[in-house]
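Topology and contacts: notes
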2 protein chains.
Amino acid sequence: MYGITFDPESRLSQYRQLVEQLRGKITGGSLPGGTKLASTRELAERLGVARGIVLEAVDQLKMEGYLDTVHGSGTFVRPGLVWDSGIQQGVVPPAAAATARSEPLSFAPGMPDMELFPRRAWLSCYHDAVEYANLDDLGYNRPSGHWSLRVAIAGHLHEIKGIRTGPERIVVTAGASQALAMLASIFGRPRVVMEDPQAPFIRRIFDGLGCDIAYVPVDDEGIREDLIPAGGADLVYVTPTHQFPVGGTLSAERRVALLGKARDIGAWVIEDDFDSEFRYDRKPVTPLQVMAPERVVYVGTFSKTVSPALRIGFMVVPPGIQARVKTLKRRWDLWNEGFQQKAMALFIERGHLARHLARAHRAYRRKNAFLRELVAARLSPAWRVTGATTGMHLVIRRSGPDGTPADAAPVIAALAERNIEAESVLDYCHAHPGFADSLLVAFGNRTETELERLVAEIAVFEKKGG
Amino acid sequence: MYGITFDPESRLSQYRQLVEQLRGKITGGSLPGGTKLASTRELAERLGVARGIVLEAVDQLKMEGYLDTVHGSGTFVRPGLVWDSGIQQGVVPPAAAATARSEPLSFAPGMPDMELFPRRAWLSCYHDAVEYANLDDLGYNRPSGHWSLRVAIAGHLHEIKGIRTGPERIVVTAGASQALAMLASIFGRPRVVMEDPQAPFIRRIFDGLGCDIAYVPVDDEGIREDLIPAGGADLVYVTPTHQFPVGGTLSAERRVALLGKARDIGAWVIEDDFDSEFRYDRKPVTPLQVMAPERVVYVGTFSKTVSPALRIGFMVVPPGIQARVKTLKRRWDLWNEGFQQKAMALFIERGHLARHLARAHRAYRRKNAFLRELVAARLSPAWRVTGATTGMHLVIRRSGPDGTPADAAPVIAALAERNIEAESVLDYCHAHPGFADSLLVAFGNRTETELERLVAEIAVFEKKGG
């Protein structure tokens, strides 16, 4: 009747199917305005469903305004409800069948070793965060983040990095990326000074939000702060502890010069401290923020140290832009996540973070040393490792027989043929091409066997006289 | 020596205290450039710490560029490192002592009943999400949200609301607010049509992001779509199922007219469906999105249905703006949270959401009926409840002896004196003041005793001839 059919295999109830089809026929025009509907008894019989279902469907459509009942006359389709949606509804294309191919072995940077994730400790903290949540914890969390987490982060930053700050200066964000996107947005379309080379996803955040970017070259010791244009800027984005991806650590002298330059051009400095926990030859380098807490925005994340899946980052905001940052966070997300933030506070308070960092530090240090030894033992002196002994990736530079830099591109191409992905720092350069002799090798999420495979393939390339 | 002292009560190690103080004295100028440092042996003796600690601190400061060792001569402070940070470091004001006062009993809307949060079921889903997470789950999650959650939301929307969509159309956001902030941002500074009255926090999102807002009045049946200005707009933001806060449900006829108007002025329609799960007199009203999936952005959230602390919302995005929405989500947050999203997928797949919704529905329906009966039984006919029988709040209207609307302000003032917070719909009006006779009463997170107290106080006010 009316072309209505029921699909016995559908997850939808008969009620839902009936309502959907009747509504579709009314807005589609095949049950035009003024049409008198059959009685619910007749409908139930002809469609083979319980009368209660028909009654419920007709009631619902009356309430929604699709049908009218005129007492003594019957139920009619209301006029004026034809609506051409313009597209075929409900046609959802099936997911394209994944074509089978073996995934390349990738040495691209950015991923921590997910095997290290401390499931037991994390689950126990999350359990307690939810189990003992009070009514405040269960409700809307403060826009700047759970207070207990901000207190815990302030303590952690003081103990591990020497940063002195209070929870009121800390804003918890959806990873470090949201912190950067917010800083790129509070000044309208700001002029931003960035290091070159630079992580493409960072560049895309600033670029995509309409920033006017000036790229400043780096050398083996970090940003060439003397080359920052004098013309004024709103933001200077730097990785002073471990320039990404080249690997330099900015010296105290250049830190002072950088801060002086930023002051002179009126810029706020964004310090992205993505891996200073993992320094292997020394204690972690002290952040720039400690020297100039009124000018430096310190950006940190638990993505590399605990898990990217948590999406918990944070920034320590100087008083001068605190109100702007907090207002924007409220505009963008209004409230903040609660349970995982409370769990992270417990994770820090109970010492799990410190224990986990120690364990991860040992694991990454071992891999770092293993890779350095492999390069020294298996490759000719034409290959040497550069950059600070820190983090989850390193840079291998290639030189020719005369000691001058040699192009790494042929090695990368040869590796690609063996289904191994590696990049050159050159791929990260934007305005100042360079480092063409470099091979970027992320070891954090690779096994020793995989690192051996990489170096063995480079050795094969060398032997062939590549 | 050098004015260095150790605080035995500090959480900082002696190493960290020594590095911090030496660095501070160098950048502060009291250890000027060129100063020859005492030998590590002497320093250790005079300061009363192990020589290993002094060696480590000096090594660290050499590596960071604060000290230089000249072979055969000693260790010197590097010149040019004096930096005036301009503020007193580390002075963190203690939190102001909270002044003791009893919190008012608030009937302001927006909060679900946190007591209903299904801790056991949620914790078991979260446990499994993390315990059985594969390496992909532990890494960076897709910018648009965990695929399994988007599949689960698509199925849920189909079963409960009749929306036909696929996971590729769904973007998981930090609550409904982030969805609105994103929509307000993808058009630059868009012209937005909004209902008036309107939730202030929603208005602030659009207003704060620089939108040009046209306010359109509502009546008891929702937005007066005939009053939408003809001049063109980018967005029309509506609550068609349950106008917030007045309570009307847009009829089929006005839905068709609204969609026609939106098409004519070239606007995308944002449908904020914040509580349609909780309809008590009928099945949930079908969303507007079903009529025009190519023009309507459907925005939903788990804040009201499961918990605000999760910060999980979503939108179903029409193909025409899908690319823009997904690009902005990537620019703002880069990646998306993973564990709680996977847990929510399990929560839906395992039927917990359906069971929880049924339980919450019973609880809210009972409170809604209880409050309606209280008003009918304890107050004079001057007070009547209006709006759809749905959601977690309702509107009580006051009339005078002649049946015309009577000002609710004196009641609200009398309640305030009894430490009870209630608002009028008038407080939510922006450009079109009205509904001065209304009292907004959120019952979702209030007990029956608290509702009785409210109505009893209104009765007292009436008896006094207020």
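Predicted model only: the values in this text are computed from it and were never measured.

Considering the domain arrangement of chain A
In terms of domains, chain A is made up of domain 1 (14-77), domain 2 (105-113 + 355-463) and domain 3 (117-351). A C-alpha centroid distance of 69 Å is found between domain 1 of chain A and domain 2 of chain A.

Structural notes on the interface of chain B and chain A
Contacts between the two partners involve 98 residues from chain B, matched on the other side by 99 residues from chain A. Together, the buried faces of chain B and chain A total about 9100 Å²; carbon and sulfur atoms form 58% of this surface. For the interface between chain B and chain A, the tally reads 8 salt bridges. Across the pair E131 of chain B and R120 of chain A runs a salt bridge, and its minimum N-O distance is 2.9 Å. Linking chain B with chain A are 46 residue pairs in polar contact (both at pLDDT 80 or more), by the criterion used here. Take the side of chain B that touches chain A: its biggest share by element is 8 residues, from helix α4 (residues 119-131) of chain B. Residues of the side of chain B that touches chain A, tallied by class, amount to 44 nonpolar, 26 polar and 28 charged.

Points about the nonpolar core
The biggest cluster of nonpolar side chains holds 138 residues, and the ones touching the most others in it are W122, Y126 and M344 of chain A together with W122, Y126 and M344 of chain B. Other than its neighbours up to four places away in sequence, W122 of chain B contacts Y126 and F339 of chain A together with F117, L310, Q340, A343, M344 and F347 of chain B. Counting residues in each nonpolar core, the second largest holds 84 residues, with L235 of chain A together with L235, V297 and L328 of chain B among its members.

Quick look at the pairing of strand β8 (residues 235-238) of chain A
Residue and element names in this part refer to chain A. Burial along β8 is two-sided: the face carrying L235 and Y237 and the face carrying V236 and V238 are both buried. Sheet topology note: the β8/strand β9 (residues 268-272) ladder contains 4 bridges and is parallel. Bridged to V236 within β9 is V269. Remark: the β8/helix α9 (residues 252-265)/β9 crossover connection has right-handed handedness.

Section: the environment of I4 of chain A
Residue and element names in this part refer to chain A. Here I4 shows up in the segment before α1 (14-28). Judged by relative accessible area, I4 falls into the buried class, the value being 6%. Separated by 16 residues in the primary sequence, I4 and E20 place their C-alpha atoms 9.9 Å from one another. Not counting chain neighbours up to four residues away, the residues in contact with I4 comprise L18, Q21, L22, K25 and L47.

Considerations on the packing of aromatic side chains
Within the structure shown, the criterion is met by 22 aromatic pairs over all chains. Among the aromatic residues, those joined into a ring-pair cluster are F117, Y126 and F339 of chain A together with F117, Y126 and F339 of chain B. Here the guanidinium or amino end of K283 of chain A rests over the ring plane of Y15 of chain B, the centre of that ring lying 4.5 Å away.

Section: the sheet that holds strand β12 (residues 383-386) of chain A
Residues and elements named next belong to chain A. If you trace the 3 strands from one edge of the open sheet to the other, you get β12-β13-β15, paired in antiparallel fashion. In this open sheet, the two strands that pair with only one neighbour each are β12 and β15 (438-442). Here the average twist between neighbouring strands, direction ignored, is 30°. In the sheet, strand β13 (residues 393-398) pairs with β15 via 5 bridges, with the strands oriented antiparallel. Paired with H393 across the two strands is A442, which belongs to β15. Against the sheet, helix α12 (residues 352-378) engages β12, β13 and β15, with an angle of about 10° to β13.

Points about the sheet that holds β9 of chain A
Residue and element names in this part refer to chain A. Taken in spatial order, the 8 strands of this open sheet run β4-β11-β10-β9-β8-β5-β6-β7, and their pairing is mixed. What marks the edges here is a single partner per strand, and that holds for β4 (170-173) and β7 (222-223). Judged from the 3 bridges that link them, strand β5 (residues 191-196) and β8 form a sheet pairing that is parallel. In the sheet register, M194 faces β8, and the bridge partner there is Y237. Most of the contacts of helix α6 (residues 147-161) go to β4, to which it runs at about 105°, and overall it touches β4, β10 (296-301) and β11 (313-316). Sheet strands touched by helix α10 (residues 319-333): β4, β9, β10 and β11. Its angle to β4, the strand with the most contacts, is close to 30°.

Description of the pattern of salt bridges
Two side chains of opposite charge can pair, provided their charged atoms sit close to one another. Within the structure shown, the criterion is met by 48 salt bridges over all chains. Here R254 of chain A ties to D219 of chain A by a salt bridge, and the two come within 3.3 Å at their closest N and O atoms. Of the two residues, R254 of chain A sits in helix α9 while D219 of chain A sits in strand β6 (residues 212-219), which places them 35 residues apart along the sequence. By relative accessible area, which is 25% here, D219 of chain A ends up partly exposed. Its salt-bridge partner being D273 of chain B, residue K161 of chain B comes within 2.8 Å of it at the nearest N-O pair. Taken together, the residues K161 of chain B in helix α6 (residues 147-161) and D273 of chain B in the loop between β9 (268-272) and β10 (296-301) connect sequence positions 112 residues apart. Exposure class is identical for K161 of chain B and D273 of chain B. Each is buried. Taken together, the salt bridges that share partners define one network made up of D219, E221, E225 and R254 of chain A.

Things to note about the packing of helix α12 (residues 352-378) of chain B against helix α14 (residues 448-463) of chain B
When two helices pack together, their arrangement is given by the angle between the helix axes and by the axis-to-axis distance. Residues and elements named next belong to chain B. Following both chains from N to C, one finds α12 and α14 inclined at 25°, their axes separated by 10 Å at the closest point. With respect to α14, the element α12 is oriented roughly parallel. Remark: the crossing between α12 and α14 carries right-handed chirality. In this structure, α12 contributes R366, K367, F370, L371, L374 and R378 to the contact, and α14 contributes E448, L451, E452, V455 and A459. Each residue belonging to the contact of α12 with α14 can be placed in one class, and the counts come to 6 nonpolar, no polar and 5 charged.

Quick word on the pairing of β5 of chain A
Residue and element names in this part refer to chain A. Across the 6 residues of β5, 5 count as buried, placing the element largely inside the fold. Looking at chain direction, β5 and β6 are connected through 6 bridges and run parallel. The residue of β6 that forms the bridge with M194 is Y215. Where the polypeptide runs from β5 across helix α8 (residues 200-208) and back to β6, its parallel neighbour, the crossover connection is right-handed.

Topic: the relation of the copies chain B and chain A
Rotating chain B by 180° and moving it 0.0 Å along the rotation axis overlays it on chain A with an RMSD of 0.0 Å. Accordingly, the operation relating the two chain copies is best matched by a two-fold axis. Taken together, the interface assignments show that 100% of the residues at the interface of chain B recur at the interface of chain A, consistent with an identical surface on both copies.

A closer look at the confidence of the model for chain A
Confidence in the prediction of chain A, expressed as mean pLDDT, is 92, and 96% of residues score 70 or more. A low-confidence stretch, residues 87-100 of chain A (pLDDT under 50), is modelled with 10 contacts involving residues beyond four sequence positions or located in other chains.

Description of helix α13 (residues 409-417) of chain B
Residue and element names in this part refer to chain B. Buried within α13 are the following residues: V411, I412 and L415. With its buried residues spanning 100° around the axis, α13 presents them on a single face. Lining the buried residues of α13 we find β12 (383-386), β13 (393-398), β14 (420-421), β15 (438-442) and α14.

Definitions and cut-offs
Residues numbered from 1 in each chain as written. Chains lettered and ligands numbered in written order. Predicted model: local features only at pLDDT ≥ 70, side-chain atom pairs only at ≥ 80, totals over all residues. Heavy atoms only, no water. Domains from an automatic or database assignment. Contact = heavy atoms within 4.5 Å. Buried area = accessible area lost by both parts, 1.4 Å probe. Salt bridge = Lys/Arg side-chain N within 4 Å of Asp/Glu carboxyl O. Polar contact = N/O pair within 3.5 Å; in protein donor to acceptor, adjacent residues only side chain to side chain. Helix = DSSP H or I, 4+ residues; strand = E, 2+ residues; numbered from the N terminus. Nonpolar A, V, L, I, M, F, W, Y, C, P; charged D, E, K, R; others polar. Core = buried A, V, L, I, M, F, W, Y, C linked by side-chain atoms within 4.5 Å. Buried < 20%, exposed > 50% of the residue type's maximum accessible area, 1.4 Å probe, protein only. Pairing = 2+ DSSP bridges. Right-handed = clockwise from strand over helix to strand, strands pointing away. Phe/Tyr/Trp six-rings, centres within 6.5 Å; stacked < 30°, edge-to-face > 60°. Lys NZ or Arg CZ within 6 Å of the ring centre and 35° of its normal. Axes fitted to C-alpha atoms, helices over the stretch in contact; angles between N-to-C directions. Parallel < 35°, antiparallel > 145°, perpendicular 65-115°, else oblique. Left-handed = near helix turned anticlockwise from the far one by under 90°. Least-squares fit on C-alpha atoms with pLDDT ≥ 70 in both. pLDDT = per-residue confidence, 0-100. Arc of directions from axis to C-beta.

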